[in-house]
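# Structure at a glance
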Amino acid sequence: MTTTSGTNGTHLQDQLDVIVVGGGLGGLYTLYRMRQLGLKAHAFEAGSGLGGTWFWNRYPGCRCDIESLEYSYSFDPELEQEWHWADRYGTQSQILEYIEHVADRLDLRKDVTLNTRVLSAHYDSAANRWTITTDQGHTISARFIVMATGNLSTPRVPEFPGLDGFKGDWYHTGLWPHEGVDFTGKRVAVIGTGSSGVQSIPHIAEQAKHLHVFQRTANYILPARNTPLDPERERQHKATYRERRAAAYETPFGIAGHPAPTKGALDATPEEREAAYASKWAQGGSISFLFSYTDLLLNQEANDTAAEFVRQRIRETVKDPATAELLCPYDHPIGTKRLILDTNYYETFNRDNVTLVDARKAPIQSITQTGLRTTEAEYEFDAIVFATGFDAMTGALREIDIRSDTGADIATKWVDGPHTYLGVMMAGFPNLFMVTGPQSPGVKSQMILSIEQHVNFISGCLAHMQQYGHTRIEAGQAAEDHWVEYNNQVADATLYPKANSWYLGSNIPGKPRVFMPYVGGVHTFNQICNDIAAKGYEGFSFDSAGAADGRATTAAAAGTA
Ligand code: N01
C-alpha cells in the first residue's frame, strides 16, 4: 500500500480536501476551481499525459466537430485572447497542445498523478471521508471526491470470438498508439462508421493497399468545411468574445452565433427548404444545419425533409449507385445520433482501393487468424481498426467500485440506468460530485462550456458549505427521482429516442436502454441550476459535523424543475 503520491512527492494521505478522478478538461478545471476555494485537491489520471479524450484519441484525422474559437475554456479572458487556433476546427494535437498550455499556465501539473487508474472509491460515513485505491497501490482519502471521468472514455471492442488469435495488428481509435500507425501497402479493415470511423477512413484509405469499411448503420454526415482559421474571423470573434461566451449560455447547445430558427420546416415551400439546407451545407457544421428549422428534432415529417436533402448529396457524390444507396441512412431521424462532420468521407468511396461492406445484412461473426468472417464471406487483413465506440456516459463510473458504508453501491443503483440529480450528484453518495454526469446536457452541448458550468455549480455548492459550516452534502432522493423522470419526459418529447445510439446505451449489449443526456438545452439547464443555487441548493441535503442543519435539510426534500 502506498500513501505517498503526487508528481512532486507530496505526502497526500489525510491532507486532501478533494480527490479529482481524471486529468482531462474537466479534471483540470476542477483543480483550478478547488484551489480558488482554498481547498487542497489532487487529481489521478490513468493516462501518461493530461488531456483525457484528446490524449487518447490520436487516430488519423481526429479533429473536433465544434469550432476552435468555441471549443475552449472561457474562464480566462486573457487566455482566450492570447491563444491562436490554426484551424477552424482543432486537430487532436492542436487541442492537446492547448490543454497542456493551460495546465502549465495555471501550474496544475504538480497536482496530478499520471499513470494511475482509480479502482475504488469508498465512503466512510462516520469519518465523512472518501477513500480511493489505485492500480499503483495508493490508498488515499479526502473529504470530497469529484469524478471528472469523461463521457466517452471507456473504449469498447465488440466481443468477437477469435480476436486473440488474429495474427495481424489491431487498434481501437480511442486507444491509438502515440507513435502513429503506417498502413502503407496493407490490407486494412475499419469496423464502425461513427465519428471516429468517418474521420479516420479517408486518411487510412490514402495509405492502405486496400481498405474494407464494415458499416452496420449508415449515418448522416455533413461537411465540416475545415480551413485555416481566417484572421479576420478570428479578430472579429475575439473582439466580442465575452459577449459570445455569455450568449452561449442562452442557447440549446451552448454555442452562440447561430441565429435561432423562427419557423418550422413544413411551413416553408420545398424550394425554400432546399435553399435553406443548401446554404447550411455550404457553410459546413452541424449546429447551423439543425438550426435550419424549429421542428427538425421534434417532428418526423419535418425531419424527413432534411434527411432526404442529405441523402441526395450522398447520391450526387458517390459514383457507384449501389454504394451510394448503402451509405444513405434511413433507419433513424437526422440529428438523433451525433451528427458527424467529415472531410472527403463520401468521396473516399470513389477510390478503387476502398470497398464498403454491409455489416447489417451480413454481420461480423468472428475474427480469424488472417482477417474476419461475416455470415456471408471471409476476408483477409493485415490490420483491423475498431472504430466501435465507447461504453458512453456511465461506463467510466461503473468501472470504479463506488460504494458507501451505508449500503449504496453504483452497480446496484444504476442497474436499470443512471440515476442522478442534475448529473452532478447521486442520492446515497454524499460529497461525491460528477462533472457532466448522465442526465446533464454535457454530450449534447459544447462540452467545455458544460464542464465549466458543472464545475462552477460544484464550486458554488462547496462555497455554500464553507459559508454555513456544512461538512456533508447529498442529493435528496425525491429530487433525484424527479430529475430522472423529468429527464425522460424531455427526451420523450423529441425524436432522439428513435435512434439506436450510445445516448441510449444501445451500442453495448446488455446495457439498459435509457436515454441518458439531458436534451432540454444548455439554456434551460443553466437556469434550473441557477434557480436551485438561489434557493440554497434546493434538492440537496446538508449537515454539519454530524449534526443535521435544519435550514438546509428541510429544503432537501423538495423536487425541482
Ligand atoms: O463511436 P460510435 P465513435 N459490428 O458509437 C459500429 C464523439 N466523437 O467513436 O451504429 C459492426 O458513434 C457502430 O454501428 P451501429 C462523438 O460524440 C467526436 O465513432 O451501432 N459495427 C458504429 O458505426 C461520437 O458520437 C469526435 O450499428 C459495429 C460504430 O461502430 C462519439 O464520440 C470524433 C459493431 C461506433 O460508432 C462516439 O464516436 C470522434 C459490430 N459488432 C468521436 N459494434 C469529434 O469531435 C459497433 N459497431 C469529431
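Computed from a predicted model, the values in this text were never measured in an experiment. (Residues numbered from 1 in each chain as written. Predicted model: local features only at pLDDT ≥ 70, side-chain atom pairs only at ≥ 80, totals over all residues. Heavy atoms only, no water.)

Let us look at the site of the ligand. Surveying the vicinity of the ligand reveals 23 residues, the closest of which are Arg63, Ser196, Arg216, Thr217 and Trp502. Within the backbone of Thr193, one N or O atom sits 2.9 Å away from an oxygen atom of the ligand. One nitrogen or oxygen atom from the side chain of Arg216 is found 2.9 Å from an oxygen atom belonging to the ligand. Protein contacts shield 88% of the accessible area of the ligand, which totals 910 Å² for the unbound molecule. Only strand 3 (63-67) and helix 5 (195-207) provide two or more residues apiece to the shell around the ligand. Classifying every residue of the shell around the ligand by side-chain character gives nine nonpolar, nine polar and five charged. (Near = heavy atom within 4 Å. Polar contact = N/O pair within 3.5 Å; in protein donor to acceptor, adjacent residues only side chain to side chain. Areas by Shrake-Rupley, 256 points an atom, 1.4 Å probe, with all protein chains shown as cover. Helix = DSSP H or I, 4+ residues; strand = E, 2+ residues; numbered from the N terminus. Nonpolar A, V, L, I, M, F, W, Y, C, P; charged D, E, K, R; others polar.)

Let us now look at the pairing of strand 11 (residues 210-215). Burial within strand 11 is extensive, with five of its six residues counted as buried. Note: strand 10 (residues 187-191) against strand 11, five bridges, orientation parallel. Paired with Val188 across the bridge in strand 11 is Leu211. This β-α-β element, strand 10 to helix 5 to strand 11, shows right-handed connectivity. (Buried < 20%, exposed > 50% of the residue type's maximum accessible area, 1.4 Å probe, protein only. Pairing = 2+ DSSP bridges. Right-handed = clockwise from strand over helix to strand, strands pointing away.)

The subject of this paragraph is the sheet that holds strand 15 (residues 364-367). The strands that make up a sheet are held in pairs by hydrogen bonds between backbone atoms, and each pair lies either parallel or antiparallel. Overall, antiparallel pairing links the three strands, which are arranged 15-16-17 in an open sheet. Two strands in the sheet have a free side with no partner beyond their single neighbour: strand 15 and strand 17 (378-380). Across this sheet, the average inter-strand angle for adjacent strands is 20°, counted without regard to direction. (Axes fitted to C-alpha atoms, helices over the stretch in contact; angles between N-to-C directions.)

This part covers the pairing of strand 18 (residues 383-386). Taking every second residue as pointing to the same face, both faces of strand 18 are buried, with Ala383 and Val385 on one and Ile384 and Phe386 on the other. Note that strand 9 (residues 169-172) and strand 18 share four bridges and pair parallel. Across the sheet, the residue bridging to Tyr171 is Val385, located in strand 18. Across four bridges, strand 10 lies against strand 18 in parallel orientation. Considered in strand 18, the bridge of Ile191 is made with Phe386.

Attention now goes to the packing of aromatic side chains. Between two aromatic rings, the relevant description is the distance of the centres plus the angle of the planes. Applying the stated rule across the entire model yields 41 aromatic pairs. When the centroid spacing of 6.0 Å and the interplanar angle of 85° are considered together, the rings of Phe214 and Phe381 count as edge-to-face. Of the two residues, Phe214 is situated in strand 11 and Phe381 in the loop between strand 17 and strand 18; the sequence distance between them amounts to 167 residues. Take Phe214: its relative accessible area is 1%, and that puts it in the buried class. Members of the aromatic cluster, joined through ring pairs, are Tyr29, Tyr32, Tyr73, Phe75, Trp83, Trp85 and Tyr98. It is Arg58 that lies over the ring of Phe55; its NZ or CZ is 4.8 Å from the centre. The ring of Phe309 carries Arg313 above its face, with NZ or CZ at 4.3 Å from the centroid. (Phe/Tyr/Trp six-rings, centres within 6.5 Å; stacked < 30°, edge-to-face > 60°. Lys NZ or Arg CZ within 6 Å of the ring centre and 35° of its normal.)

This part takes up the packing of helix 1 (residues 25-36) against helix 15 (residues 447-468). Two elements in contact, helix 1 and helix 15, have axes whose closest approach is 10 Å; the angle formed by their N-to-C orientations is 35°. For helix 1 against helix 15, the interelement crossing comes out right-handed. In this structure, helix 1 contributes Leu25, Gly26, Tyr29, Thr30, Arg33 and Met34 to the contact, and helix 15 contributes Ile448, Ile451, Glu452, Val455, Asn456, Ile458, Ser459 and Leu462. Looking at the contact of helix 1 with helix 15, its residues break down into eight nonpolar, four polar and two charged. (Left-handed = near helix turned anticlockwise from the far one by under 90°. Contact = heavy atoms within 4.5 Å.)

We now examine the packing of helix 6 (residues 231-239) against helix 7 (residues 241-248). Contact geometry for helix 6 and helix 7: axes closest at 5 Å, N-to-C directions at 70°. Considering their axes alone, helix 6 and helix 7 lie roughly perpendicular with respect to each other. Here His237, Lys238 and Ala239 of helix 6 lie close against helix 7, whose contacting residues are Tyr241, Glu243 and Arg244. Counted by class, the contact of helix 6 with helix 7 contains two nonpolar, one polar and three charged residues. (Parallel < 35°, antiparallel > 145°, perpendicular 65-115°, else oblique.)

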